[in-house]
Amino acid sequence: MRTGRSSIVPLLTPATAWFGLFFALPIAAMLVVSFWVVANYQLVPTFTLTNYTKLAQPLYLSIIVRTFAIATIVTILAALVGYPVAYYLARRLKRLRVFVLTLIVLPLWTSYLVRSFAWMLVLGTSGAFNWFLQGIGVTDQPVRWFLYTEFAVIIALVHIYLPFFILPVFAVLDKLDDRLLEASSDLGASPWTSFWTVTLPLSRPGISTGCLLVFIPAAGSYVSPELLGGPSVLMIGSVIAQQFGLVFEYAFGSALALTLMTGILIVALGLLRIGKVQGLK
Amino acid sequence: MTILAGKIEPMGTMTAEHSLIEIDRVRKSFGAHTAIDNVSLALGEGHFVTLLGPSGCGKTTLLRMIGGLETPNSGSIRIAGTPVESFSPIDRPTRMVFQSYALFPHMTVEKNVAYGLQRRRIPDAEIKAKVAAQLDVVGLSEKAKSYPSELSGGQQQRVALARALVTKPRVLLLDEPLAALDLKLRQRMQAELKSLQRSAAITFVYVTHDQHEALGLSDRVVVMEKGRVAQRGTPAEIYHRPANRYVAEFVGDISILDGTVRTIEDGGARIETPAGMFVASGPTVRSGDKVHAIIRPESVRVAVASGDGANTLRATVESATFRGADMLVEFRGPADVRIQTSISSTAPEAAAIIPGHTITLELPATALWLIPAERNSNASESSP
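Here is what the cut-offs are and how they apply
Residues numbered from 1 in each chain as written. Chains lettered and ligands numbered in written order. Predicted model: local features only at pLDDT ≥ 70, side-chain atom pairs only at ≥ 80, totals over all residues. Helix = DSSP H or I, 4+ residues; strand = E, 2+ residues; numbered from the N terminus. Buried ≥ 20, exposed ≤ 12 C-beta atoms within 10 Å, placed from the backbone. Contact = placed C-beta atoms within 7 Å. Nonpolar A, V, L, I, M, F, W, Y, C, P; charged D, E, K, R; others polar. Pairing = 2+ DSSP bridges. Axes fitted to C-alpha atoms, helices over the stretch in contact; angles between N-to-C directions. pLDDT = per-residue confidence, 0-100. Expected span 1.5 Å × (residues − 1). Parallel < 35°, antiparallel > 145°, perpendicular 65-115°, else oblique. Left-handed = near helix turned anticlockwise from the far one by under 90°. Domains from an automatic or database assignment.

(A) Molecular detail of the overall build of chain A. Within chain A, the regular secondary structure consists of 13 helices and two strands. Each principal axis of the C-alpha distribution contributes one length, and for chain A these read about 75 × 75 × 30 Å. Burial statistics for chain A: of 281 residues in total, 32% are counted as buried.

Listed below in structure tokens is the structure:
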């Protein structure tokens, strides 16, 4: 059966319209606005690059670098913690796997706002960490650097986005054909060698998807750095919110948002490339 | 009355002196399911041995135990005289070819074939030369840089063979390697496998549920049933001299005459059946034994003239099915005895095969084979 090209067009129309209205149009608007200026809280159409040159100022540059550095660290930590969990779940656990999977997904049912607040309670000077450390006598003064530091932001973001790494890796490892590992062992590979030569390369698509799903929201995160990082750990999401909501610098805000998007896009394309395994259909 | 089962000696016992693989009282169960029930078996060096049976008979489990992918619950497996249960696969002289090939999808053909050599700390240059030579043997030199997903089923099969053979195993274990191929390709690969086995002079242990494959490829066939060995022997022995009804029916069509042994003569046993007296050959039987006399369709002689010679019966044509090269004809004889024959579709007798006609059939004494009547029908009489 051959489907004519013309018959597909009406079927695609709703999707195209949706995409155009809620995605392409706003971005195009932001792109245009990012070259305008704001005077007296009013957008003034013009064409200037000042919004972009402003980004090169040390203040904003350091925020951009910090944002991508934190997102990268969060992604790497999520991968290091998440991969073994996904592996154990997919390759070792048999009867309890649905139960454990549910436990992993369960936190997603609560708001990430709540989860961020929870970390404040855990990391604060009178929080669980300090209570424990003082209890066993490691310190007698509460540790102050737990909260309102990069450490707090990173640990919370890893916790919040970890399920997004575990699930795609689990899906890939669950589908991995046992016979490939048997063949590897039959040909003389130790379990460790089999892991490095067969399991890990074949889980690359899942790892790449997982990294993508962690990196993107981590780079754009706003609530967690606001609550746990405080004013010293400013990330780009907070700055964008300030520009739109506090100082009404829509033009500069648009430039910031587009810069964040472009940065994420470059990382995403890189990750997708890494996730492509030659020979896999 | 005596117990019938167990009296019949296994045919074609393999000689133990030259056996490469010795399986001794091996048991294996998965939970409550017994996959292998006390199997002892000796497989000869350089033979093409087939483990034949329906799915669930334990043939694959037995193969995997030889290859070290499963561990027996009890019993021992020796290869070339050495017990191998505790050996990891790299120390075993066996290599496995998996049912769906299990090629590494992210590696090129070349890398797949090199995989086993790389695990053996062989210099790169030597690996390269060996891989190239092995790919040449299976005729895939131009595909060295291709990925498995770019190959046809037959080519993937050859890569799987090359990957195993390049490590120079003494025993190649093949788990239904042709099951995924279509008929034409399967037949071609059968011929290739056979010639590969001859030229490489290694022992093949081949698992299949396809009796044609088993009979056509093997030097020895081991027929398995519910985790036990039902019979082992050459393909001809298995086919013409089956030990029991299960084996007889698994490897081909049979017609059965139920009877009782009356006298033992030089030419065979004289048996009394509802369709008359017949002389049949068979293993040790005693007069009075209840037996099945079985015959393969192609062994039945169709004589148009009404003879009244020995081992003949008059039978009516029930149905005839044209199958191209031959015709499958169902006859009904005296006392509702059913006889199936196949005759060449070009034979002169073929013209006489008209449903409803009565014809004389001869069941030659050499082709009429005795097997014990099913045990359950004699169970009540078998008490000491």
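(B) How the structure looks around the interface of chain A and chain B. Chain A puts 19 residues into the contact, and the matching count from chain B is 21 residues. Going through the elements one at a time, α8 (178–186) and α9 (191–202) of chain A are the ones with two or more residues in the side of chain A that touches chain B. For the side of chain A that touches chain B, the leading source of residues is α8(A), giving six residues. The residue makeup of the side of chain A that touches chain B, split by class, is nine nonpolar, five polar and five charged.

(C) Spatial organisation of the sheet that holds strand β17 (residues 326–332) of chain B. Residues and elements named next belong to chain B. A sheet is described by the order of its strands in space; here five strands give the open sequence β15-β19-β16-β17-β18, paired in antiparallel fashion. The sheet is open, and its two borders are formed by β15 (301–303) and β18 (338–344), each paired with just one other strand. Direction aside, neighbouring strands of the sheet carry axes that sit 45 degrees apart on average. Pairing geometry for strand β16 (residues 312–322) and β17, over six bridges, is antiparallel. When the sheet's bridge partners are listed, T321 is paired in β17 with L328.

(D) Region of the structure containing the environment of A:L49. The residue A:L49 is located in the loop between β2 (42–44) and α2 (50–55) in this model. Since 10 C-beta atoms lie within 10 Å of it, A:L49 is described here as exposed.

(E) Local environment of the confidence of the model for chain B. All names here are of chain B. For chain B, mean pLDDT is 87; residues scoring 70 or higher make up 91% of the total. Overall, residues 1–17 carries pLDDT values under 50, and its contacts beyond four positions in sequence, including any with other chains, amount to 33 contacts. A low-confidence stretch, residues 376–384 (pLDDT under 50), is modelled with five contacts involving residues beyond four sequence positions or located in other chains. Interface predicted TM-score (ipTM) for the complex: 0.85; the corresponding pTM is 0.84.

(F) Helix α10 (residues 204–219) of chain A, seen in detail. For α10(A), built from 16 residues, the straight-helix expectation of 22 Å at 1.5 Å per residue is met to within 8% by its first-to-last C-alpha distance of 22 Å. Along α10(A), 13 of the 16 residues are buried, which leaves the element largely enclosed by surrounding structure.

(G) Quick look at the packing of α8(A) against α9(A). Residue and element names in this part refer to chain A. With their axes 10 Å apart at the nearest point, α8 and α9 run at an angle of 135 degrees to one another. As summarised for this structure, α8 and α9 are arranged oblique, according to the angle between their axes. In the packing of α8 onto α9, the handedness of the crossing is right-handed. Every residue of α9 that contacts α8 at L180, L181, S184 and S185 is listed here: S194, T197 and V198. Each residue belonging to the contact of α8 with α9 can be placed in one class, and the counts come to three nonpolar, four polar and no charged.

(H) Layout of the domain arrangement of chain B. If you check the domain split of chain B, you get domain 1 (19–93 + 169–246) and domain 2 (253–371). Domain 1 of chain B and domain 2 of chain B are separated by 34 Å when their C-alpha centres are compared.

(I) The arrangement of unusual backbone geometry in detail. Residues and elements named next belong to chain B. In this structure, E176 takes a positive phi of about 40 degrees despite not being glycine. The exposure class of E176 is buried, given the 20 C-beta atoms found within 10 Å. Here the phi dihedral of D336 falls at roughly 65 degrees; this positive angle occurs in a residue that is not glycine. If you trace the backbone, D336 turns up in the loop between β17 and β18. You can call D336 exposed: it has 8 C-beta atoms within 10 Å.

(J) Highlighting the sheet that holds strand β12 (residues 269–273) of chain B. Residue and element names in this part refer to chain B. The antiparallel open sheet is built from five strands, whose spatial order is β13-β12-β11-β14-β20. Bordering the open sheet on either side are β13 (276–280) and β20 (369–372), each of which pairs with just one other strand. Going across the sheet, the axis of each strand differs from the next one's by a mean of 45 degrees, ignoring polarity. Two strands pair when backbone bridges link them, and strand β14 (residues 290–295) and β20 are joined in this way by four bridges, in the antiparallel orientation. Bridge pairing in β20 places A293 opposite L370.

(K) The arrangement of the pairing of strand β10 (residues 228–233) of chain B in detail. Most of β10(B) sits out of view: five of its six residues are buried. Here strand β9 (residues 220–225) of chain B hands over to β10(B) after two residues, with B:K226 in that stretch at a positive phi of 45 degrees.

(L) Inspection of the environment of A:T48 at higher detail. Residues and elements named next belong to chain A. Position of T48 relative to the elements: it lies in the loop between β2 and α2. Taking the C-alpha atoms as reference points, T48 and L103, 55 residues apart in sequence, are found 51 Å from one another. Beyond its immediate stretch of four places on either side in the chain, T48 contacts F35 and V37.

(M) Broad picture of the pairing of β13(B). Residues and elements named next belong to chain B. In terms of strand pairing, β12 meets β13 through five bridges, oriented antiparallel. Note on β13: the bridge partner recorded for E272 is M277. Here β12 hands over to β13 after two residues, the two strands then running antiparallel side by side.

(N) A look at the environment of B:Q190. Residue and element names in this part refer to chain B. Within the fold, Q190 resides in helix α5 (residues 183–200). In this structure, the C-alpha to C-alpha distance between Q190 and T108, residues 82 residues apart in sequence, is 25 Å. Discounting chain neighbours no more than four positions away, the residues touching Q190 are L178, E213, G216 and L217.

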